[in-house]
Each structure stands twice: as structure tokens, then as C-alpha cells.
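Listed here are the chains, written in short residue letters.
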Amino acid sequence: MLRFILTRVSLIIPTFIGITLLTFFLIRLVPGDPIETMAGERGIDPARHELLRKEYGFDRPILVQYGIYIARVLQGDLSKSVITQAPVLDEFLALFPATIELAVCAILFALVIGLPAGILAAVRRNSIFDHGVMGISLAGYSMPIFWWGLILILLFSVQFDLTPVSGRIDVLYYIEPVTGFLLIDSLFFSEDEGAFRSALAHLILPTIVLGTVPLAVIARMTRSAMLEVLGEDYIRTAKAKGLSRFRIIALHALRNALIPVVTVIGLQVGVLFTGAILTETIFSWPGVGKWLIEAIFRRDYPVLQGGVLLLGIVVMTVNLLVDLAYGLINPRIRHTR
Amino acid sequence: MTAETMDAPAVAAPTATPPHPLREFWGYFSANHGAVAGLVVIVAVVLVALLADVLAPHSPYLTDTTIALKPPFWQEGGSFTYPLGTDPIGRDILSRLIYGARLSLLIGIMVVAISIMVGTVLGLVSGFFRGIIEIFIMRLMDVILTLPSLLLAIVIVAILGPGLMNSMLAVALIIMPHYVRLARAAVISETSKDYVTAARVSGAGTLRLMFREVLPNCTAPLIVQASLGISTAILDAAALGFLGLGAQPPSPEWGTMLADAREFVLRAWWVVTFPGLAILITVLAFNLLGDGLRDAFDPKLKR
Amino acid sequence: MALVEIENLSVEFPTQGGIMRAVDGVSLRLEEGEVLGVVGESGSGKSVTMLALMGLIPFPGRVRADKLSFNGRDLLTISDKDRRKLTGKDVAMIFQEPTTSLNPSFTVGFQLTETLRLHEGMDRKAAERRAVELLGQVGIPSPESRLSAYPHQLSGGMNQRVMIAMAIACNPKLLIADEPTTALDVTIQAQILDLLMTLQKERRMGLVMITHNMGVVADTAKRVMVMYAGQIMEERSADDLFASPQHPYTAALLAALPERSEGGRLATIPGVVPGLYDRPKGCLFSPRCAYATEHSRHVRPDLRPWAGGHIRCHYPLGDPNRNAEIQHDHPVGTEAAS
């Protein structure tokens, strides 16, 4: 088991190097002088320009520059935002909980609906329910979620006035961040009862929007994994033992079908962050996705560089954890390595 | 045992003969109603794109503030002159959608063409030469796959600058790993087969082997992946347009139209609804087609 | 009362190319404690027949029969619930691929005790004790430690023993063994067959041995049923069948046994079992039969009583008039024509 973990961990090192290379070259490939790029549009006086060139090592050979960059990254120094002058890492850490809160709600939403829908569709293969689930999930998979968000706002916020249009919580409330997750902070650390309800209401539409594509993928994957497993020899054995249909499906089949589904859920993390960029933009959700898009328009390249690197590391880590979880639920891997 | 059950003989109609492969392919494909519907929609979108000059009632660029934000014809204040209404600066939405079909199809096809060409070559090369080249290419693809796709596209557009061409290049790059992996896997499984050995023994060069012998044998998965790739390309390019990083106004690209319309969501539902619907229907059609093709190429999977 | 009574059973699967009849008019009787061998090539319908008896025909397969009963229970009208009480308890089945037939995600102990807890209502402790006993009975060394093993940690032979232990856990009246030794090494094959025969004698249970291997039948069965393309071709006592096969197909199968080969070359049966698109109009074996005639190519023979058993052939080998009849019916087969 330890060897299995070590092998998997060592496998991500090249990917890590690749991501750092990408972000390293990002700032150097942008047309123009990198220091001026970093300084932004306000410009910079020649003395300070020279100082910064030295500090970042732009006068040294490219490999040395990369070495300096890696050393800085490993010390947690991702340089400062051109606009706010705040360290990029600090800004990221302040905004990241909002993105996580949204992403976790979205994936839970996707699982709670997607798993049962996929299982039922497989069990009732070729029924109307099956065709319905497959049709809807393909539409969800094809959904331009930036439009989906607007349509939901149009329906629920404008037409029925049920949900708020944007933000994380009503401006009436100010919640001092404790955990950074508003649902938790407002429930446990705020006296005001309305705060939690407001936070919850603000979460509903973004959760649906961000959860739509993962929901579709999970439903489809669960169905096909179940269909494959239901055709296996050991399911015939389970039937020959006289087990009930429910036990065969919920225990013997599902346990095996979950193995590929867990992998797919892990891969959805990348999809979630892609969706978060769009969802946060639509709903003015103060997370890292919106932050990155704003950085582009403000030409705040250090933020873009640091943000991409950090998100890349997060996705990589989650993929690694999923890989390890895969080993845990699959006895064949657990024992053979 | 299952195989035996299925292979078991005996049929009611003794006169039946096995159908021709192409016919059988069409049989499987046409049995899938969704796939046929997808194909019909795609043909319709292609026709609309080709005949845009004839079909569009107005110019997609002509602005007229006197008729700004007219609703569709079935709502009060709407008229058949502007069947789907007008946008905030008085352009006919239907005409813009019709010309937008051209852009979306162009984006989808160009992106996938670039991606397939470069991706297949990289895949074939890494599959044939193995070693350090393969490790380098495949690791690079892993990095592309690890990063959230839109994030990578945004980074590329940030480097190259916003615009339709640059967003197409960015999307081409993020869907490339699929083709590289496909081509490489095909090469590795095919090169171990007898017919490649036979070609090699008879003196075929590596290049000839790559393109004449191996490539034709991985066309089926490539076609399926291409169909699915077009839908991803249209969707991602529209997302970039929506974020203001893709096609720039006044281009009638569907995503860009949505970006323009965003602030009017509270006042004029039609400027928001129709461009997105166009994206959804087109993307759905390509996904349906891709699914149908995959099932038809591999009927065993379908059962 | 017979343990199993099947009359005129057919099983059909709808396919793209039409309806495929996997089992065609099969009738059979099995007494308590009897051992029946069912022989045929791949795709002869022998497994499907027994799956129909177990109620395990997968969707969209259709089962039809004039009679299908087990131990006096009518299986055509039985409710799903009552049927589940029967399967796994009174009728049990083991399969060809022991390793894929066991669930890879659960331990051997879990899969074994599951049956006991379901059918015998045992608690976990009692079921585990019984499971250890059963594993011992099927010859698994240090059974206590095997309870926590996963199927992939055991060999194919061991897994088949686990399958057998599972099948006999509730003292079934009938055990169906579907090619139980085909996927195993030759040395293990003999051990598993011995084990099955020992268990059968100890428990006086009915045993149906499905196999394509005539040798396996010779070692085990008292009565043999030969199937081809979904139909019964010949059915009689094992001794008679091996001494004087009556159907040309049976004879050909026996001639293909290595120990029976007379010359230097092993006899083979030319051609293949008819598929979806080449099902003959007449006798199903006629395209491959050395004695086929114009008549047998056009008229399908019925299953009729013959020489103490049953046969589906116009010209049984033991019929004194067969040569004259073959000549009269315009022979087309290679041997008959010469």
C-alpha cells in the first residue's frame, strides 16, 4: 500500500514541473517587457525597473531564472498583485473558500441526483425513464452554462422573485470570516438568523448552474458502469444464489460500478473549476474564478500567473487523492501493490 | 457463457442473409433516433450557414437605435419584420443568429481540423518512436489535461491577446490531448498486429506505415472524437466570447452576443434567450451525432 | 415424481437479424439423485436450457414450455419471490469461469455466508462456522484464514471450490455444473470432478453436468443427452451411448476423442454449428453429416424413441435398413455417396 502511494505521488512530479514551466513562460511570452507587464499600465521609473530586473533575475540565463522562480514558488512567494500590491497567495487564500463552498455544493447536488438517476436508468434499461435521463443528461452535458445561469436568473429571480441575482449574501449582513465558508460562518458564528438563510438562498442558483455538467456526466457514467457490471458473471452468480433484486443491484453491482464512477467524479474537479470561472462571473460570486478573469482585464499578470499555478496544483492534488481513493475501494489494487 | 448464449444458433427465418457492413452501420445508426435528429439539425445548421446571405432578412451589423429592444413577433410591440426581436442597438437578432451559425460552424470545424492534424501527428510520432519523445509529448498532454480546460484557454488568450483566431488556437490546443492519446493508443495496438509486421517485412518505411497502414485503422474512433470535439470547440469558443476573450463585438458570434446582452437580462429576455438556445441546440446535435456514431461503430458496446 | 420435468422448452432471443432460437423443443426428465450429462459444442443450447430451468435467462430472452417443473413446483407460473426461495437453496449452479463468477469486491467469506444467512436464516457467527465447515468439505486448506480472502487472491481451482461450497451450502436437491472444469488446468480438472462426484454420492443430489467434453461425461454421468444447435439429437444411458452411438453426430463426437482415435490423425467434424443466417431447412446436422440425403436436407426429423432412449435422425446407425433408406433418399453426404 505504501509503495502504491509513493508510486502515485512520484507520477505527479512531471506534471507539477510542466505547470510551473507553463506559468513561468506565461509572463515572459506576453508581448512587451515582463517588468513593465508586471508593473501594469501606470509605468515604472528606470531605477526601480533595473532593481526589479535584478530581483527577478531577468538579466540571468533563462534556466537560472526558472530556478529562481521555482525557489520562490516553493517558499510560497508568488509575487504581488500589480493592482492591490497584496501578495498573490494571500489574495488566493482569501477568495478560495468561496470557490470551494460553491464547488462542494455543486458536486453534492450532482451526486445526489446523478447517482440514483444513473442507477435507475441502468436497471430500467430502454424504459421511458432511461431515455428521459439520457436525453436530459446529454442536454446538460451540452449546456452553455453561462447562458444557463442567465436563464435561471431570468426565471427564478426576475419572473418569480425567488432567489437573489448575485453575490454570496445580502449586503445587510456582514459575516466575519472564521472558516471562510459562509454557510458555516453564518450558521455558527453569527447571531443573525437571516444570515444563514440569505447565504443559502444565494447559493441555490450558482450550485445548480455549476452542478449541471457534472450531474450529466455522473448520471451517464453511473448508467454505463452499472450496465457493464450487470452483465458480469458474478451478477449471474448472485441471481443463482436467490438474492433479492434490490440486494443484487444495491450491493453486488453498485459496489463494483462505483469504482469507475469515483474516477469520473475526480476528473470533474477540473470541469468544476472551468465552470466556476463562468459561474462566478455570472453571479458576481467573489471566488478565484472571477478574480482570475478580472486579473486578465486589468492586465494583472502576477495574479494570473500565481492563480493558474495554484489552481493547477489544487486540481493535481485532488486527482491524486482520487487515484488513492480508487486504490482503497478496489481490493484488486489494494492487495496486489 | 454469455458469449455462448449470444452466439447460439438457430433463427426463425432461414432465408435471411447477413447485411452489408455499410448497411448494417446505417441500420445501427438509424435505429438511434437521437443520432438521426442530431444529423438532421446539423444539416439544417450547415444549410443556414451556407445560405445566410439569402435567408437573413437584415444585415447582422446594421444598427438603428429607433427600433432598439423590440420584442419577438408574438409579443406586444413585436413585428414580423424582426421575428425574434432586436438587440439594444437595434440589430435584428434572427439575422445575427443566422450569420452566427457560420461563425460557430467555422470555429468548430477549424478547431477540430487543427487539433486532429497536429494531435494525430504527435500521437503517431510518440507511438512509433517511443522513448524520450513519447515521454515528453505525453507528459505535455497530461499537463494540458490536468489544468481546467477553460483556464488554459484563458491563459493562452491572455498571452496572445483576445480575438476569434486566438481563441480558436487556444481551444484547439486544449482538445488536442484526446487525439494524441487516441492516435498513440491505436499505433501501439496496431503495430503489434500481423499486418503491420507484414508491411514492415515487405520494406514499407516508417512514414508510409504510419499514414498508409496504421492511420486508416484508427479512423473510426477519430471520427467519433471529431464529432464530440466540434461540440466542445463551439461551447468553449462561445464561453471565451462570453467572457470577452473570444470573437469581439460587433461580430455576431453567439457567445459574444450573450456577453453584450447580459446587462439587459432584466429588461429583454429575448436578447439573452435565443443566442444561448442556438448554442445549446447545435452543441447537443453534435453530441448526439457523436454518440450515435460511436454506438454504430461498436454495436457490441450498445447491447 | 421426477425432480425435473421439462417438456418442449424453447428459448428465443430477439436480435437485429431476427429471432434467434437458442433452445428448440427440448424435453427432459431427471430423477432424484440422478447424474445427467449434457453434451454439445459451443452454442448448442445446453447452457441456455439449464439457465431457463434456473430462471436466469437474461432480458430480452423469452422462455416457452409446455411444462417446466422442479420437485413438483410449476416454474412457469411461480412468483419471483417463491422462485428466489428455490434458487440457491434447492437448485444451485456453478459456472465455467470461477474467477469472474465471484464478486471481486467482496471476500470469499462474505459471499459464502450471504447464501447461508439468506436461505437458512443463520446469524453471522453461525454462518461463518458453517462456511468454514463447507470450505473444509470442498478441500480448501486452512479454511478459517480463507474467509477473509478476495477471489483474485485465490487460484482458479480454489475459486471453483469456493463456488462449489457456495452451491452446496443449503444442501440442494439439484446441482447444475456448467462446464465446471473447462477453464481449469488439466490436473485440477480431475480433482474438481472427483469432488463433485463425491459430494453427489454423499448427498444423493441430482447433478447435471454440462460439458463439451465427452471424456468428462464418460467419467461422471449415468445418462447422456447430446445437443446440437438448440435441439436434442440423442439421449440414452451413458454405457449404451459410448458402446454404440446411434446418431451420426454422437458418433462423430466420440470419434474426435483422442483415446478413441484409430489412425495417426484425430478425427474432426467438418464445418461449424449453423448460425443466425445459415440454419438449414431440414435436419440441423445435415450440412455436416456424412450420411445426409436429399430427404434429410429438406425434412427435419422428429425426436423419437429409439433403442432405449431417444433420437432425432432419419437414419440411426443401429437401424438395419439404413443403407437401403439412404440410397433410396438420394445421398449427398460424402461417405454415403461413395
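Just above, that's the structure.
Below, the structure is looked at part by part. (Residues numbered from 1 in each chain as written. Chains lettered and ligands numbered in written order. Predicted model: local features only at pLDDT ≥ 70, side-chain atom pairs only at ≥ 80, totals over all residues. Heavy atoms only, no water.)

Attention now moves to the overall build of chain B. What chain B contains, in helices and strands, is 14 helices and zero strands. Reading the secondary structure of chain B in the N-to-C direction produces α-α-α-α-α-α-α-α-α-α-α-α-α-α. When its C-alpha atoms are laid out on the principal axes, chain B stretches across 75 × 60 × 35 Å. Looking at chain B as a whole, 51% of its 303 residues are labelled buried. Here the analysis covers contacts within chain B between residues at least 6 apart in sequence; of these, 72% occur between residues at least 24 apart. Carbon together with sulfur atoms contributes 67% to the accessible area of chain B, which is approximately 13,400 Å² in total. Where the 19 positive side-chain charges of chain B centre and where its 20 negative ones centre are 5 Å apart. (Helix = DSSP H or I, 4+ residues; strand = E, 2+ residues; numbered from the N terminus. Buried < 20%, exposed > 50% of the residue type's maximum accessible area, 1.4 Å probe, protein only. Contact = heavy atoms within 4.5 Å. Areas by Shrake-Rupley, 256 points an atom, 1.4 Å probe, with all protein chains shown as cover. Lys, Arg positive; Asp, Glu negative; His and termini not counted. Charge placed at Lys NZ, Arg CZ, Asp CG, Glu CD.)

Counted according to the given criterion, the structure contains 20 aromatic pairs over all chains. Aromatic pair Phe-25 of chain B and Phe-297 of chain B: ring centres 4.9 Å apart, planes at 45°, arrangement tilted. Residue Phe-25 of chain B is located in helix H2 (residues 21-31), and its partner Phe-297 of chain B is located in helix H13 (residues 269-297); the two are separated by 272 residues in the primary sequence. Its end group placed over the ring of Phe-95 of chain C, Arg-236 of chain A keeps NZ or CZ at 3.8 Å from the ring centre. (Phe/Tyr/Trp six-rings, centres within 6.5 Å; stacked < 30°, edge-to-face > 60°. Lys NZ or Arg CZ within 6 Å of the ring centre and 35° of its normal.)

Right, let's get into the pattern of salt bridges. All names here are of chain C. For the structure shown, the criterion picks out 34 salt bridges over all chains. Here Lys-46 and Glu-179 are joined by a salt bridge, their closest N and O atoms 3.6 Å apart. You can see Lys-46 sitting in helix H1 (residues 46-54) and its partner Glu-179 sitting in the loop between strand E8 (174-178) and helix H8 (186-203), a full 133 residues away along the chain. A residue is classified by how much of its surface remains accessible, and Lys-46, at 0% relative accessible area, is buried. When its relative accessible area of 3% is taken as the criterion, Glu-179 is described as buried. (Salt bridge = Lys/Arg side-chain N within 4 Å of Asp/Glu carboxyl O.)

Helix-helix packing is described using two parameters, namely the angle between the two axes and the distance between the axes. Residues and elements named next belong to chain A. At a closest axis distance of 10 Å, the pairing of helix H8 (residues 145-159) and helix H10 (residues 193-230) adopts a crossing angle of 145°. Between H8 and H10 the crossing geometry is right-handed. For the pair H8 and H10, the contacting residues are Ile-145, Trp-148, Gly-149, Leu-152, Ile-153, Phe-156 and Ser-157 in the first and Leu-205, Ile-208, Val-209, Thr-212 and Val-213 in the second. Broken down by class, the residue content of the contact of H8 with H10 amounts to nine nonpolar, three polar and no charged. (Axes fitted to C-alpha atoms, helices over the stretch in contact; angles between N-to-C directions. Left-handed = near helix turned anticlockwise from the far one by under 90°. Nonpolar A, V, L, I, M, F, W, Y, C, P; charged D, E, K, R; others polar.)

This paragraph deals with the environment of Leu-97 of chain B. Note on placement: Leu-97 of chain B falls in helix H5 (residues 93-129). Beyond its immediate sequence surroundings of up to four residues, Leu-97 of chain B is in contact with Leu-84, Trp-254, Met-257, Phe-274, Pro-275 and Ala-278 of chain B.

Here we come to the interface of chain A and chain C. Between chain A and chain C, the contact holds 22 residues from the first and 27 residues from the second. When chain A packs against chain C, close to 2,200 Å² is buried across both sides, 58% of that on carbon and sulfur atoms. When the buried surface of chain A facing chain C is broken down by residue, Arg-236, Ala-240 and Lys-241 of chain A rank first, second and third, together holding 26% of it. Counting the contacts that link chain A with chain C gives two salt bridges. Among the ionic pairs, Arg-247 of chain A bridges to Glu-114 of chain C, the shortest N-O distance being 2.6 Å. Along the contact surface separating chain A from chain C lie 12 residue pairs in polar contact (both at pLDDT 80 or more). Contributions of two or more residues to the side of chain A that touches chain C are made by helix H11 (233-240), helix H12 (245-283) and helix H15 (331-336) of chain A. A per-element tally of the side of chain A that touches chain C places H12 of chain A first, with seven residues. Class assignment of the residues belonging to the side of chain A that touches chain C gives a composition of six nonpolar, seven polar and nine charged. (Buried area = accessible area lost by both parts, 1.4 Å probe. Polar contact = N/O pair within 3.5 Å; in protein donor to acceptor, adjacent residues only side chain to side chain.)

Residues and elements named next belong to chain C. Strand order in the open sheet made by the eight strands is E7-E8-E9-E3-E10-E11-E13-E12, with mixed pairing throughout. Bordering the open sheet on either side are strand E7 (91-94) and strand E12 (304-306), each of which pairs with just one other strand. For this sheet, the mean angle separating the axes of adjacent strands, direction not counted, is 25°. Of the strand pairs in this sheet, E7 and E8 are connected by four bridges, and their pairing is parallel. Bridge pairing in E8 places Ala-92 opposite Leu-175. Sheet contacts for H8: strand E3 (35-39), E7, E8 and strand E9 (206-211); angle to E9, the most-contacted strand, approximately 160°. (Pairing = 2+ DSSP bridges.)

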